[in-house]
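The lines below spell out each chain.
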Amino acid sequence: MPRTPPQFTQAAPPGHVYIDEASRLSGRSIETLYKDRKIQRRTGECNGPLSKTINRKAVWSIAEINAWLEAQIGPSPDEQMLRNSRPAEPARVAA
């Protein structure tokens, strides 16, 4: 059963968001963010944006979410490489 976001009465610290907003910004489900957080705590590595704990609550930095999204997009292809990516000419058969 999917987790529902916790109901917080206080606003998140400046520059940070709680899980419901982190899910909306990153495009990942709440359950996936919780799984990423669990892996991050065990191994120190994470497939999603890194989370922190502030005042015993899980928060995600908006800058960290944006950096993670930029890393997912990857670099733009080099224009020279695109120009040279044409397939080789077929061999001509002598008649």
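Refer to the structure above for everything that follows.
Now for a quick tour of the structure. Owing to the predicted nature of the structure, the values given are computational and were not obtained by experimental measurement. (Residues numbered from 1 in each chain as written. Predicted model: local features only at pLDDT ≥ 70, side-chain atom pairs only at ≥ 80, totals over all residues. Heavy atoms only, no water.)

## What to know about the nonpolar core
Soluble globular proteins tend to pack their nonpolar side chains together in the buried interior. Judged by nonpolar contacts, V17, I19, A22, I30, L33, A58, W60 and I65 together constitute the single largest core of eight residues. Elements supplying a minimum of two residues to this core: α1 (19–26), α2 (30–43) and β3 (57–61). Excluding residues that lie within four positions of it along the chain, A22 makes contacts with V17, L33, W60 and I65. (Core = buried A, V, L, I, M, F, W, Y, C linked by side-chain atoms within 4.5 Å. Buried < 20%, exposed > 50% of the residue type's maximum accessible area, 1.4 Å probe, protein only. Helix = DSSP H or I, 4+ residues; strand = E, 2+ residues; numbered from the N terminus. Contact = heavy atoms within 4.5 Å.)

## A closer look at the sheet that holds strand β1 (residues 16–17)
One open sheet accounts for three strands, arranged β1-β3-β2; its pairing is antiparallel. Strand pairing shows two members of the sheet lacking a second neighbour, β1 and β2 (51–54), which therefore form its edges. The pairing of β1 with β3 spans two bridges and is antiparallel. Each bridged residue has a counterpart across the sheet, and for V17 the counterpart in β3 is W60. (Pairing = 2+ DSSP bridges.)

## Digging into unusual backbone geometry
In this structure, N55 takes a positive phi of about 55° despite not being glycine. Within the fold, N55 resides in the loop between β2 and β3. Phi at R56 takes a positive value of approximately 65°, unusual for a residue other than glycine. By secondary structure assignment, the location of R56 is in the loop between β2 and β3. Taking relative accessible area as the criterion, R56 reaches 83% and is therefore assigned exposed.

## Examining the pattern of salt bridges
What the rule picks out here adds up to two salt bridges. Salt-bridge contacts for R28 lead to D36; the nearest nitrogen and oxygen are separated by 2.7 Å. Both residues of the pair, R28 and D36, count as buried. (Salt bridge = Lys/Arg side-chain N within 4 Å of Asp/Glu carboxyl O.)

## Observations regarding the environment of N66
Considering the arrangement of structural elements, one finds N66 in helix α3 (residues 62–73). The class for N66 is partly exposed, based on a relative accessible area of 42%. Between the C-alpha atom of N66 and that of L25, which follows or precedes it by 41 residues, the distance is 8.4 Å.

## Here's the deal with the environment of Y18
When you line up the elements, Y18 lands in the loop between β1 and α1. Counting along the chain gives 40 residues from Y18 to A58, while the straight-line C-alpha distance between them is 6.6 Å.

## Here's the deal with the pairing of β3
The buried fraction of β3 amounts to four of the five residues, a majority that puts the element mostly inside the structure. Summarising the sheet, β2 and β3 pair through four bridges and their orientation is antiparallel. Residue pairing across strands places T53 opposite A58, the latter belonging to β3. Turn length for the β2-β3 hairpin, with the two strands adjacent in sequence and antiparallel, is two residues, and the turn residue N55 shows positive phi of about 55°.

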